[in-house]
Amino acid sequence: MKPIDLRSDTVTQPTPAMRAAMAAAEVGDDVFGDDPSVNALQERIAAMLGKEAALFVPTGTQSNLCALMAHCQRGDEYIVGQMAHTYRWEGGGAAVLGSIQPQPLPQQADGSIRLEDIEANIKPDDAHFARTRLLALENTWGGQVLPSGYIEAATALARRKGLATHLDGARLFNAAVASGMPAIDIARPFDSVSVCFSKGLGAPVGSALVGSREFIARAHRLRKMLGGGMRQAGVLAAAASFALEHHIERLAEDHANARALAEGLQGLRGVTVQPPQTNILFVDLAPEKAAGVVERLRGAGVLCTGLYRLRFVTHLDVSSADIARAVAVLRQHL
Ligand SMILES: *Cc1c(COP(=O)(O)O)cnc(C)c1O
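Computed from a predicted structure; not experimentally measured. Every residue gets a number counted from 1 within its own chain, in the order that chain's sequence is written. Reporting of local features is limited, given that this is a predicted model, to residues whose pLDDT is at least 70; pairs of side-chain atoms are given and counted only at 80 or more, and all residues count toward the totals for whole chains, interfaces and linings. Water and hydrogen atoms were dropped before computing side-chain values, which therefore reflect all heavy atoms in the structure.

**Some points on the packing of aromatic side chains**
Then step 1. Here a Phe, Tyr or Trp ring, Trp counted by its six-membered ring, pairs with any other such ring whose centre lies within 6.5 Å, and the pair is stacked when the planes are under 30 degrees apart, edge-to-face when over 60, and tilted otherwise. With the rule as written, the count across this model stands at 1 aromatic pair.
Then step 2. Aromatic pair Phe-56 and Phe-197: ring centres 6.3 Å apart, planes at 45°, arrangement tilted. Of this pair, Phe-56 sits in strand β2 (residues 53–57) while Phe-197 sits in the loop between β7 (192–196) and β8 (207–211), placing them 141 residues apart in sequence. Numbering of helices and strands runs from the N terminus, with a helix taken as a DSSP run of H or I at least four residues long and a strand as a DSSP run of E at least two residues long.

**Thoughts on the domain arrangement of the protein**
Then step 1. What the domain assignment lists for the protein is domain 1 (16–246) and domain 2 (250–333).
Then step 2. Each of domain 1 and domain 2 was reduced to a C-alpha centroid, and the two centroids are 29 Å apart.
Then step 3. Any pair of residues with heavy atoms lying within 4.5 Å of one another is described as a contacting pair. On the domain 2 side, the residues contacting the 14 residues of domain 1 number 11 residues.
Then step 4. When domain 1 packs against domain 2, the two sides together hide about 1,000 Å² of surface, and 58% of this comes from carbon and sulfur.
Then step 5. In protein, a polar contact requires one atom able to donate a hydrogen and another able to accept it; more generally it is a pair of N or O atoms within 3.5 Å, and residues adjacent in sequence count only if both atoms are side-chain atoms. At the junction of domain 1 with domain 2, the criterion picks out 3 residue pairs in polar contact (both at pLDDT 80 or more).
Then step 6. Residues are sorted three ways: Asp, Glu, Lys and Arg are charged, Ala, Val, Leu, Ile, Met, Phe, Trp, Tyr, Cys and Pro are nonpolar, and all the rest, Gly among them, are polar. Grouping the constituent residues of the side of domain 1 that touches domain 2 by class yields 5 nonpolar, 8 polar and 1 charged. Bear in mind that the domain bounds are from an automatic or database domain assignment. Joining two parts hides part of their accessible area as seen by a 1.4 Å probe, and the buried area is that hidden amount summed over both.

**Here we look at helix α2 (residues 36–48)**
Then step 1. Expected span of a helix, by definition, is 1.5 Å for each gap between consecutive residues, and there is one gap fewer than residues. Here α2 is 13 residues long and its end C-alpha atoms lie 18 Å apart, about the 18 Å a rise of 1.5 Å per residue gives.
Then step 2. Along α2, the positions that sit buried rather than exposed are Ser-37, Val-38, Leu-41, Gln-42, Ile-45 and Ala-46. Projected onto a plane normal to the axis of α2, the buried residues spread over an arc of 160° and lie on a single side. Exposed side of α2, more than 90 degrees from the buried face: Glu-43 and Ala-47 are the residues found there.
Then step 3. The inward-facing, buried residues of α2 contact β2, α8 (172–179), β7, β8, α10 (213–225) and α11 (234–246). Burial status follows relative accessibility: with a 1.4 Å probe on protein chains alone, a residue under 20% of its type maximum counts as buried, one over 50% as exposed, and anything between as partly exposed. Arc definition: directions from the helix axis to the C-beta atoms.

Right, here's the structure in full:
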């Protein structure tokens, strides 16, 4: 039997309909700005998120890096969560490639950084300090929707202090579907937003960065510098456009599947299930349960990641029947 792959929502296969859209895509050389499918995608995602312009990039990592480098100069710094993707999971790219100093700060259980902590870490204009230029937030964070009141307050603080704001919205549409708040409203308080097509939306490759026309012009130059100027990229952009058209509302199914998985694991001794808000479920194991558990589950046909804290991610290629089967396997092996 085919394993149930709950390691990540990046493992999805393009559907036959998506592949058909890719095969039919009109393409051109996007470095010359000639690819109609890329241009259409960029216009669509900019409009969906209420910004002037967008840039199609190969990965979310490159999208965030283009944003950080477009907001910050060499010797500037950005305020970011200690566990945020743009700080912890991107190879230190902002520092290595952008000469941008991160100012990581602790996050609360809901993913927020305390306003007092943000304010206390904005450096005065003094030759001793890096120039604090940017606040970077993430939504969803660990599958949780960042509270909208918090986003309003944090971005207002940033603006008052003269900082730009960036949202790593790799799973922005999960946040929108789970909260009922339109994506455009989630994006509104930010100067720039990055979204991934290759996660829950089910495209094989690609992310987009959105912002003002002037900001995206700077990011466009950086994308070229970082090696992200792709040629007949419309084949990929067509998959992303297809995903925006067909795969947003269905994220609710992934969220329901994550909840069903959580409910199915209730009542196991030494197993603590964090109630999922979107498509990511964390399960904490008592130490005596943890040894070799990922390998045992793999042997039984369920793939996940983690150690004491297992992570299960639902997506397009996991059905409710798969979830029922996964529950049975997990109840036997946890
Ligand atoms: C996946 C992800 C990214 C970027 O991922 P790539 O693998 O580079 O496309 C950025 N931020 C968050 C929160 C992510 O989950």
